[in-house]
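Letter by letter, the chains look like this.
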Amino acid sequence: MKPYVKQETKEIFNEQKRLLLTRINTLRSITADKRNRKSQKLLVELEKRIQTSQNPLKCEKILRCVLPGSGLGSQMHQLVHCFLAAFGTGRVLVLEKGATMITYGTLVESVFKPLSENCRDRPSPNAVIWNGNTDQNEDVVMVTFGSIASNRGMFAPPIIPLEMKDELVKLMGEPEAWFAGAFVKYAMRLQPDIQEKIDKATSEMDLAPPLVGIHIRRTDKLLWEAQHHSVEEYMRHVVEYYDVKNLETNEEPKERKVYVASDDLTTVTELKNKYPNYKFISGQSASSRNHEGLVGVVTDVLILSKCDYLVCTFSSNVCRLSYELMHTHTADASVKFHSLDDIYYYLAPRYQVAVLPHTAGNSKEIDIEVGDVIGVRGNHWDGFSLGLNRRTSKVGLYPSFKATFKVNTGHFLDYQL
């Protein structure tokens, strides 16, 4: 087959894909307002519950969270892990005295409001490690990164209250991210001076919709945890978003705008040179390891969470943090992102349940039967995922569409509908 024919076939396929996405989006829009209203109502109820549980009249039961010495995204996800443990066991979450964002050399409460106005960490030199259950009688228990690694506990994210499952699964594709997002939103309430600073910075940017956000993590992340992805890989999904938007409205946007968050600002220059027909917006440098750098990362996360579409790598905590917060602004953020590498996860593997059978076509694939539970080890983004079939104990590839994520639920003592 001649190369030009092959390219023509690819273009036809892409046209069909864009048209299909347009029709799917049109169908979603029919119920979007209703789902948004219901989602926001549930969010307001949950936020009231969090506020009440964090500010009891008497501070009798405390869960102290010891944050690891890492970046904003990692520390926030550790904090949410602690938060859900406190919420589930009916305790007040507090940070250890003088808690610091070590990477940035600044106090947590120099940027974020205290987790509780009524309760502060009281002296407890003999505080014991939380055992992961609800049966601990000590007034003060402690959670550290090490204790989570050895015992994640019965409220480990991703998780939702069992009482909310029936409603949430009807509203969104990833309810666990919505639930985590509510706690992220509470934890990231800004001090007044920081809020004013960020408001001033964002008011000077053109962030009106439509706006696509991309988070490009480079520098230290590439040394240990993630692969390099070219700007073309990110922009492929940005271009597709705007092409579909054009089909939906039958009108080309005045500008194709992209907000760029990166710890390597040379990426902005590269994007501008390679895509001159797009408008790229970026804030202050988020690469500095100081107070200003932290404010820069927080600004990026808040802006990314409000974008109409998000392209990033879920291997990055900042990317997942933005995605979680996005759920507090829209009914179903699970259809408004694309990750170039991982699926959404927390500190442990996620599980899927097979909805269609599959017979292995080669030695790299595995057999699955309806109802099989599969521990997901990665999505290859080529139509196949890698996983462990817990029934057969075999590891291999299977078609991604033949399994759906298992919703993890728990009985939270501090939550009732």
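For the structure itself, look to the data block above.
This one's a predicted model, so the numbers in the text were calculated from it and none came from an experiment.

For the coordinates displayed, the defined rule picks out 16 salt bridges. Ionic pairing is found between R391 and E369, a salt bridge with its closest N-O pair at 3.8 Å. Highlighted residues: R391 in the loop between strand 15 (384-389) and strand 16 (394-399) and E369 in the loop between strand 13 (350-354) and strand 14 (373-379), separated in sequence by 22 residues. Overlapping salt bridges, with partners in common, bring together D206, E255, K257 and K279 in one network.

On to the sheet that holds strand 14. The 5 strands lie next to each other as 16-15-14-13-17, forming an open sheet whose pairing is antiparallel. With one partner strand each, in any of the chains shown, strand 16 and strand 17 (403-405) form the two edges of the open sheet. On average, each strand axis in the sheet is tilted by 45° relative to the strand beside it, whichever way the strands run. In this sheet, strand 16 lies alongside strand 15 in antiparallel orientation, the contact comprising 6 bridges. For L388, the partnering residue across the bridge sits in strand 16 and is V395.

The subject of this paragraph is the packing of helix 5 (residues 175-187) against helix 11 (residues 317-326). Two elements in contact, helix 5 and helix 11, have axes whose closest approach is 7 Å; the angle formed by their N-to-C orientations is 95°. On the basis of the axis angle, helix 5 is roughly perpendicular to helix 11. Residues A177, A180, G181, V184 and K185 of helix 5 lie in contact with helix 11, whose contacting residues are L321, Y323, E324 and L325. Within the contact of helix 5 with helix 11, the residues separate by chemical class into 6 nonpolar, 1 polar and 2 charged.

With that settled, consider a nonpolar patch on the surface. Judged by side-chain polarity, V355, L356 and F401 come together as a nonpolar surface patch covering roughly 290 Å² of accessible area. The topology assignment puts V355 in the loop between strand 13 and strand 14. The class of V355 is partly exposed, set by a relative accessible area of 42%.

This part is about the side chain of N55. If you trace the backbone, N55 turns up in the loop between helix 1 (3-54) and strand 1 (62-65). With relative accessibility at 16%, the residue N55 sits in the buried group. Among the polar contacts listed, one links the side chain of N55 to the backbone oxygen of Q51, at a separation of 3.0 Å. Engagement of the side chain of N55 in a polar contact is seen with the side chain of S116, the distance being 3.5 Å.

The next thing to look at is helix 9 (residues 266-274). The set of residues buried in helix 9 consists of T267, V268 and L271. Buried residues of helix 9, seen end-on, are gathered within an arc of 105° and therefore sit on one face of the element. Of the exposed residues in helix 9, those oriented more than 90 degrees away from the buried face are T266 and N273. On its buried side, helix 9 packs onto strand 8 (212-216), helix 8 (231-249), strand 9 (256-262) and strand 10 (278-281).

For the rest of this paragraph, the subject is unusual backbone geometry. For the peptide bond that leads from P157 to P158, omega is 0°, which places it in the cis range. Following the sequence through the fold, P158 ends up in the loop between helix 3 (145-150) and strand 7 (160-161). P210 follows P209 through a cis peptide bond whose omega is -5°. With respect to the helices and strands, the residue P210 is situated in the loop between helix 6 (192-203) and strand 8. Of note in the backbone geometry, W381 takes a positive phi value of approximately 55° without being a glycine. In this structure, W381 sits in the loop between strand 14 and strand 15. Phi at S393 is positive, roughly 65°, even though this residue is not glycine. Mapped onto the secondary structure, S393 falls in the loop between strand 15 and strand 16. Under the relative-accessibility criterion, S393 is labelled exposed at 56%.

As a further point, take the sheet that holds strand 2 (residues 92-95). Backbone hydrogen bonds hold the strands of a sheet together, and the pairing may be parallel or antiparallel. Across the sheet, which stays open at both edges, the 4 strands sit in the order 2-1-6-5 with parallel pairing between neighbours. Each edge of the open sheet carries a strand with a single partner, namely strand 2 and strand 5 (128-129). Here strand 1 pairs with strand 6 (residues 140-143) via 4 bridges, running parallel. Residue pairing in the sheet places L63 in a bridge with V141 of strand 6.

Under the definition given, this model contains 3 disulfides. Paired through a disulfide, C59 and C119 show a sulfur-sulfur distance of 1.9 Å. Between C59 and C119, the S-S dihedral sits near -85°, and the bridge is therefore left-handed. Separated by 60 residues along the polypeptide, C59 in the loop between helix 1 and strand 1 and C119 in the loop between strand 4 (106-107) and strand 5 bring together distant segments of the chain. Look at C59 and you get partly exposed, because its relative accessible area is 24%. The exposure class of C119 is buried, given its relative accessible area of 2%. Across the disulfide from C312 sits C319; the S-S distance is 2.0 Å. In this structure the cystine formed by C312 and C319 twists about its S-S bond by roughly 45°; its chirality is therefore right-handed. In this structure C319 comes out as buried when scored by relative accessible area, which is 1%. Shown here for the protein is a disulfide pattern of 1-4, 2-3, 5-6, where each number marks a bonded cysteine counted in sequence order. There is no disulfide at C307, and the cysteine sulfur nearest it, in C312, is 10 Å away. Relative accessible area serves as the criterion here: at 6%, C307 is assigned to the buried category.

Rules behind the numbers
Residues numbered from 1 in each chain as written. Predicted model: local features only at pLDDT ≥ 70, side-chain atom pairs only at ≥ 80, totals over all residues. Heavy atoms only, no water. Salt bridge = Lys/Arg side-chain N within 4 Å of Asp/Glu carboxyl O. Helix = DSSP H or I, 4+ residues; strand = E, 2+ residues; numbered from the N terminus. Pairing = 2+ DSSP bridges. Axes fitted to C-alpha atoms, helices over the stretch in contact; angles between N-to-C directions. Parallel < 35°, antiparallel > 145°, perpendicular 65-115°, else oblique. Contact = heavy atoms within 4.5 Å. Nonpolar A, V, L, I, M, F, W, Y, C, P; charged D, E, K, R; others polar. Patch = residues over 30% accessible without salt bridge, like charges linked within 9 Å, V, L, I, M, F, W, Y side chains within 5 Å. Areas by Shrake-Rupley, 256 points an atom, 1.4 Å probe, with all protein chains shown as cover. Buried < 20%, exposed > 50% of the residue type's maximum accessible area, 1.4 Å probe, protein only. Polar contact = N/O pair within 3.5 Å; in protein donor to acceptor, adjacent residues only side chain to side chain. Arc of directions from axis to C-beta. Disulfide = S-S within 2.5 Å.

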